There are 2 protein chains.
Amino acid sequence: MDKETLKGYLRERQAEVDRLLQSYLPSAKCPPALIHEAMRYSLFAGGKRLRPILCLAAAESVGGRRETVLPYAAAIELIHTYSLIHDDLPAMDNDDYRRGKLTNHKMFGESTAILAGDALLTAAFTLIAEKGVTGSISHKKILSVMLELGSAAGSTGMVGGQLVDIQSEGKKSIDLEQLHYIHTHKTGALIRASVRIGGLLGGASPKKLSSLTRYGEKVGLAFQIADDVLDIEGEEKDLGKSVGQDEAKEKWTYPRLIGLERSKKEAQVLVEEAVAELNGFGPEAKALRSLALYMVERKK
Amino acid sequence: MDKETLKGYLRERQAEVDRLLQSYLPSAKCPPALIHEAMRYSLFAGGKRLRPILCLAAAESVGGRRETVLPYAAAIELIHTYSLIHDDLPAMDNDDYRRGKLTNHKMFGESTAILAGDALLTAAFTLIAEKGVTGSISHKKILSVMLELGSAAGSTGMVGGQLVDIQSEGKKSIDLEQLHYIHTHKTGALIRASVRIGGLLGGASPKKLSSLTRYGEKVGLAFQIADDVLDIEGEEKDLGKSVGQDEAKEKWTYPRLIGLERSKKEAQVLVEEAVAELNGFGPEAKALRSLALYMVERKK
């Protein structure tokens, strides 16, 4: 896909995910209104929906139907959004802005932000269960998807990565292995799961699912390294937040540990390897190939 | 059941739930160790396991097998424990002690406590999915259980109730309808779901499930009124926390709104009505009948 085609593709998929989330989430007037207002504020704050889009593209790459997979892809975004709200809290990263807007706790207060995150996390599983009960995919497969998502999001996945990230702040030094742990868990686990869930629901063979898994792992790590790089080289107007935050917070990043140029090179190599994992796939994997490149070439 | 028999029953069921949770949760050494230590700290802090026990008793009351239901009953306790950890946070109820021990954030710090709650909530759904995929209950029914639990725990259930509770603190007045909303959502929704899930998994007929639902609603409200009363009349050594907390925090409670004696009477009437809901049930509902009484007669 050329850049323009990809842009259109991303826009269309994003709109599909947004429509589903809009219709699934209780309206901002549904009591108690404040919780739904707070959930919606962060959920519709301009997220790129990259994880659901990766999930949809993975399903398509193995011949799955996008419409069937959409609710489960969208559920991943609920988990992603909850994690951002909780990460931004004063006790965690203490961020005031995200995507050019006040963070949830700055807007609604800390207790509401904690609860909005809790409710979004809960809603992710409720959405899967609700659509799964009535949908056309086998109930056993839906449970596998739930297990996949729960494992990726929990204490040995995303939450574990966030904990180690916070523990490592301000430390005198950490080694590449520890940083790799943080990146592959805090960000990587959910991206890997997004791709795998798309594959599972799309009906991937065990061999193709393995390829997709490795693709997801590489793309997930590349994404986070690119994020580290953007925090140094990105434009504040594109990112919607101040750059240089990682350094200010003494966060450990790839550029800090191995240098900026080597980090960029590393992300590039990972993306190439990710695309190579799709060699056995046909033209249906076109989007997935383009998405890998987009992960490191994006400006925000 | 006489008091001694009930005591033994509660002890045995508690041990069963504890054994399952012990074997399911990653050990306190599993990396990242701190998150698992924090999760286990609150999960094994002496909880009575009332919700799982209600779930098991409800299953038995309709002829279900306890062993089959146990994992799903235990998952409810993971949700209950997460909600306690988050409720205790400085931004929420700001409690230092629970069950005679330091609260999670006092012991591990605020960021770890938030993450431990997040991980326990996630683990509840992962546990259900994992046991559900391999277990003997129909996968569709497992998804219904998941939907039931998610709806009860989410923004229109428990989380919604907690939000309104916090909003109402320090208000000049609220009416009984609003207090009823708080109690039936913050505490009632999960208790109702516990009973319903037991019924669903035990194979209840639609009629019996309706009776169990009403039983759960009444018992849930009675439980919270009894909690309000214990905060005034209970013994600190039994409760493991200071009494008079509700008044100090300007919480709205039944005794504050309708008086202590009327509150006790109300709880008693609810329990009698709950037991009456089980009139169509046989001796298998013995435990469920005794549990209703226990809800308001307990000392902690």
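The rules behind these values
The written sequence of each chain sets the order in which its residues are numbered from 1. Each chain is given a letter, starting from A, and each ligand a number, starting from 1, according to the order in which they appear as written. Local features in this predicted model are restricted to residues whose pLDDT is 70 or higher, and side-chain atom pairs enter the listing and the counts only when it is 80 or higher, whereas totals over whole chains, interfaces and linings include all residues. Elements are defined by DSSP. Helices are runs of H or I of four residues or more, strands are runs of E of two residues or more, and each kind is numbered from the N terminus. Computation of the radius of gyration draws on C-alpha atoms, with the globule rule given as 2.2 Å multiplied by the number of residues to the power 0.38. Here contacts are defined at the residue level, using C-beta atoms placed from the backbone and a cut-off of 7 Å between them. For helices, the axis comes from a line fit to the C-alpha atoms of the stretch in contact; other axes are also lines fit to C-alpha atoms, and the angle between any two N-to-C directions lies between 0 and 180 degrees. Oblique is the label for any angle not under 35 degrees, not over 145, and not in the 65 to 115 range, which are roughly parallel, roughly antiparallel and roughly perpendicular in turn. Two helices cross in a left-handed way if the nearer one is turned anticlockwise from the farther one by less than a right angle. They cross in a right-handed way if the turn is clockwise. When residue character is reported, Ala, Val, Leu, Ile, Met, Phe, Trp, Tyr, Cys and Pro are called nonpolar, Asp, Glu, Lys and Arg charged, and the others, Gly included, polar. Only residues with pLDDT of at least 70 in both copies contribute their C-alpha atoms to the least-squares superposition of the copies. The term nonpolar core means buried Ala, Val, Leu, Ile, Met, Phe, Trp, Tyr and Cys residues held together as one set by C-beta atoms within 7 Å. Whether a residue is buried, exposed or partly exposed follows from its count of other C-beta atoms within 10 Å of its own C-beta, namely 20 or more, 12 or fewer, or something in between, respectively; the C-beta atoms are built from the backbone. How far a helix is expected to stretch is found by multiplying one less than its residue total by 1.5 Å.

*Asks:* An account of the overall build of chain A is needed here, citing residue identities and associated values.
*Replies:* The helix and strand tally for chain A stands at 15 helices and two strands. Computed over the C-alpha atoms, the radius of gyration of chain A is 18 Å, within 12% of the 19 Å expected from 2.2 N^0.38 for a compact globule of 300 residues. Overall, the C-alpha framework of chain A stretches about 50 × 50 × 35 Å when taken along its three principal axes. Looking at chain A alone, contacts between residues at least 24 apart form 72% of all its contacts between residues at least 6 apart.

*Asks:* Residue-level account of the interface of chain B and chain A, with values.
*Replies:* Listed as interface residues are 45 residues of chain B and, on the opposing side, 45 residues of chain A. Within the residue set of the side of chain B that touches chain A, elements represented by two or more residues are helix 2 (33–43), helix 6 (110–134), helix 7 (139–153) and helix 8 (158–168) of chain B. Counting residues per element, the side of chain B that touches chain A draws most heavily on helix 6 of chain B, at 16 residues.

*Asks:* Any details on the packing of helix 3 (residues 50–61) of chain A against helix 4 (residues 66–88) of chain A? Residues and values, ideally.
*Replies:* Each pair of packed helices can be summarised by the angle the axes make with each other and by the distance between the axes. All names here are of chain A. As a packed pair, helix 3 and helix 4 sit with axes 8 Å apart at the nearest point and diverge in direction by 150 degrees. Overall, the two elements helix 3 and helix 4 adopt an arrangement that is roughly antiparallel. Read as a crossing pair, helix 3 and helix 4 show a hand that is right-handed. Taken together, the residues of helix 4 that come into contact with helix 3 (itself represented by Arg51, Pro52, Cys55, Leu56, Ala59 and Glu60) are Arg66, Val69, Leu70, Ala73, Ala74, Ile76, Glu77 and His80. Considered class by class, the residues forming the contact of helix 3 with helix 4 number nine nonpolar, one polar and four charged.

*Asks:* Please provide a residue-by-residue account of the relation of the copies chain B and chain A, values included.
*Replies:* With an RMSD of 0.0 Å, the fit of chain B onto chain A corresponds to turning through 180 degrees and sliding 0.0 Å along the axis. This pairing of chains is accounted for by a two-fold axis. Within chain B, His139 of chain B has its C-alpha nearest the rotation axis, a separation of 2.8 Å.

*Asks:* Can you break down the nonpolar core residue by residue, with the values?
*Replies:* Residues Ala222 of chain A together with Ala222 of chain B are the most contacted members of the largest nonpolar core, which totals 192 residues. Leaving out residues up to four positions away in the same chain, Ala222 of chain B has contacts with Ala267, Leu270, Val271, Ala274, Met295 and Val296 of chain B.

*Asks:* Tell me about the packing of helix 8 (residues 158–168) of chain A against helix 6 of chain B, residues and numbers included.
*Replies:* Contact pair helix 8 of chain A / helix 6 of chain B: the axes reach a minimum separation of 10 Å and the direction vectors enclose 170 degrees. By the criterion of interaxial angle, the relationship of helix 8 of chain A to helix 6 of chain B is roughly antiparallel. For the pair helix 8 of chain A and helix 6 of chain B, the contacting residues are Val159, Gln162, Leu163 and Ile166 of chain A in the first and Ser111, Thr112, Leu115, Asp118, Ala119 and Thr122 of chain B in the second. Among the residues forming the contact of helix 8 of chain A with helix 6 of chain B, the class breakdown is five nonpolar, four polar and one charged.

*Asks:* Go over the environment of Thr103 of chain B with me, naming the residues and quoting the values.
*Replies:* Residues and elements named next belong to chain B. Counting through the fold element by element, Thr103 comes out in the loop between strand 2 (101–102) and helix 5 (104–108). For Thr103, a count of 25 C-beta atoms within 10 Å gives the class buried. Separated by 74 residues in the primary sequence, Thr103 and Lys29 have C-alpha atoms spaced 21 Å apart. Setting aside residues no more than four positions away along its own chain, Thr103 makes contact with Asp88, Asp95, Asp96, Tyr97 and Arg98.

*Asks:* Break down helix 15 (residues 286–297) of chain B for me, citing the residues and quoting the values.
*Replies:* With 12 residues, helix 15 of chain B should cover 16 Å at 1.5 Å per step; its first-to-last C-alpha distance of 17 Å lies within 8% of that length. Among the residues making up helix 15 of chain B, those that are buried are Ala287, Leu288, Arg289, Leu291, Ala292, Tyr294, Met295 and Val296 of chain B.

*Asks:* Describe the environment of Gly203 of chain B, and please don't skip the residues or the numbers.
*Replies:* Residues and elements named next belong to chain B. With respect to the helices and strands, Gly203 occurs in the loop between helix 9 (176–202) and helix 10 (206–233). Sequence-wise, Gly203 and Ala59 are 144 residues apart; in three dimensions their C-alpha atoms are separated by 7.6 Å. Discounting chain neighbours no more than four positions away, the residues touching Gly203 are Val62, Gly63 and Gly64.

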